[in-house]
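The residues making up each chain are set out below.
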Amino acid sequence: MTTHPLWLSFAAEANARRQGQRIADRQTPPGPVREHDARWRDDFIEVGRLIADTIGDQVIEIRHVGSTAVPGLAAKPVIDIDLTVPDVEDEGAYLPPLEAAGFRLIFRDAMAGDPHRHLTLARPNTNLHVWSPGAVEPLRHALFTEWLGANASDRERYGAAKTAAVEATGGERYNDLKAAAVYDIYERAFLADPFHHHDPQPRPGLPASVVDGNRT
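Worth saying up front: this structure is predicted, and the values here are computed from it rather than measured.

Our focus in this paragraph is the packing of aromatic side chains. Tallied over the entire structure, the rule returns four aromatic pairs. Pairing F144 with Y186 gives two aromatic rings, centres 4.9 Å apart and planes at 40°, and the pair type is tilted. One end of the pair, F144, is in helix α4 (residues 136–150); the other, Y186, is in helix α7 (residues 179–192), with 42 residues separating them in the sequence. Under the relative-accessibility criterion, Y186 is labelled buried at 6%. Each residue in the set F144, Y158, Y186 and F190 is aromatic and connected to the rest through ring pairs, giving one cluster.

Here we come to the pairing of strand β2 (residues 79–84). Summarising burial for β2: six of the six residues are buried, a large majority. What you see with β2 is no split at all: I79, I81 and L83 on one side and D80, D82 and T84 on the other are buried throughout. The pairing of strand β1 (residues 61–65) with β2 spans five bridges and is classified as antiparallel. Considered in β2, the bridge of R63 is made with D82.

Glancing now at the nonpolar core. One finds Y94, F103, L119, L128 and V130 to be the most contacted residues of the largest nonpolar core, which totals 20 residues. Excluding anything up to four places from it in sequence, Y94 contacts I55, Q58, V85, D87, V88, R117 and V130. Formed by eleven residues, the second largest nonpolar core is a distinct cluster that contains L73, F144, W147 and F190.

Backbone hydrogen bonds are what pair the strands of a sheet, in a parallel or an antiparallel way. Spatial ordering of the open sheet is given by β1-β2-β5-β4-β3, a layout of five strands whose pairing is mixed. In the strand order of this sheet, the two ends are held by β1 and β3 (104–111), each with one partner. Here the strands of the sheet are splayed against their neighbours by 25° on average, with no regard to which way each runs. Where helix α2 (residues 39–55) meets the sheet, its contacts fall on β1, β2, β4 (114–121) and β5 (126–131), and the angle it forms with β1 comes to roughly 160°. Relative to the sheet, α4 contacts β1, β2, β4 and β5, its axis offset from that of β1 by approximately 45°.

Cut-offs applied
- Residues numbered from 1 in each chain as written.
- Predicted model: local features only at pLDDT ≥ 70, side-chain atom pairs only at ≥ 80, totals over all residues.
- Heavy atoms only, no water.
- Phe/Tyr/Trp six-rings, centres within 6.5 Å; stacked < 30°, edge-to-face > 60°.
- Helix = DSSP H or I, 4+ residues; strand = E, 2+ residues; numbered from the N terminus.
- Buried < 20%, exposed > 50% of the residue type's maximum accessible area, 1.4 Å probe, protein only.
- Pairing = 2+ DSSP bridges.
- Core = buried A, V, L, I, M, F, W, Y, C linked by side-chain atoms within 4.5 Å.
- Contact = heavy atoms within 4.5 Å.
- Axes fitted to C-alpha atoms, helices over the stretch in contact; angles between N-to-C directions.

None of the figures reported here should be taken as evidence of function without further support.
Rendered as structure tokens:
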């Protein structure tokens with residue numbers, strides 16, 4: 001079996017389990033899903049400049065990711081940013097100045113085995129994800145964002161999954177309700193990658209032909 005280097009197994013309740021590692025609450029609630037707003041790119045540029053002005057010597061890369069980075073895709077009005085610094089665990093090099101600039105650390109955890117820090121900003125409402133070079137998750141974020149930008153059918157699938165997650169009742173969390181759609185979209189992106197072979201890895205109970213038959 002050969003899998004794409006960015007493949008991760010399906011984890012239906014990863015976000016719910018992650019909540020036990022929360023340090024603080026975000027300053028501004030995410031708000032409801034709404035139609036795409038072209039001004040979100042301006043918000044990203046504004047926050048990117050704030051980061052660069054605050055810790056410019058620590059910045060290796062700043063990237064706009066997630067739904068607000070995909071024109072035409074509905075999203076909660078929160079700007080998702082991946083920030084790569086020389087060493088995410090050297091918090092003294094970047095965290096105090098970011099906090100002084102208005103950011104708040106809400107998670108200190110690991111994702112896909114890599115150390116990760118999750119900060120928020122009140123305005124523009126922002127999720128700032130901080131990583132060391134070579135971390136897997138920001139590479140996945142970039143692939144997912146680029147794939148949705150280029151594939152209308154999966155944009156529509158993801159938009160429908162967002163709507164279903166918002167409308168669902170019960171104690172399940174929004175991100176976990178989207179998890180199945182996210183995993184399936186990654187599978188199609190991996191299968192279409194001309195640089196890496198990937199044997200289909202459908203979610204449990206989903207035939208491989210369903211994923212493989214939806215190559216875009």
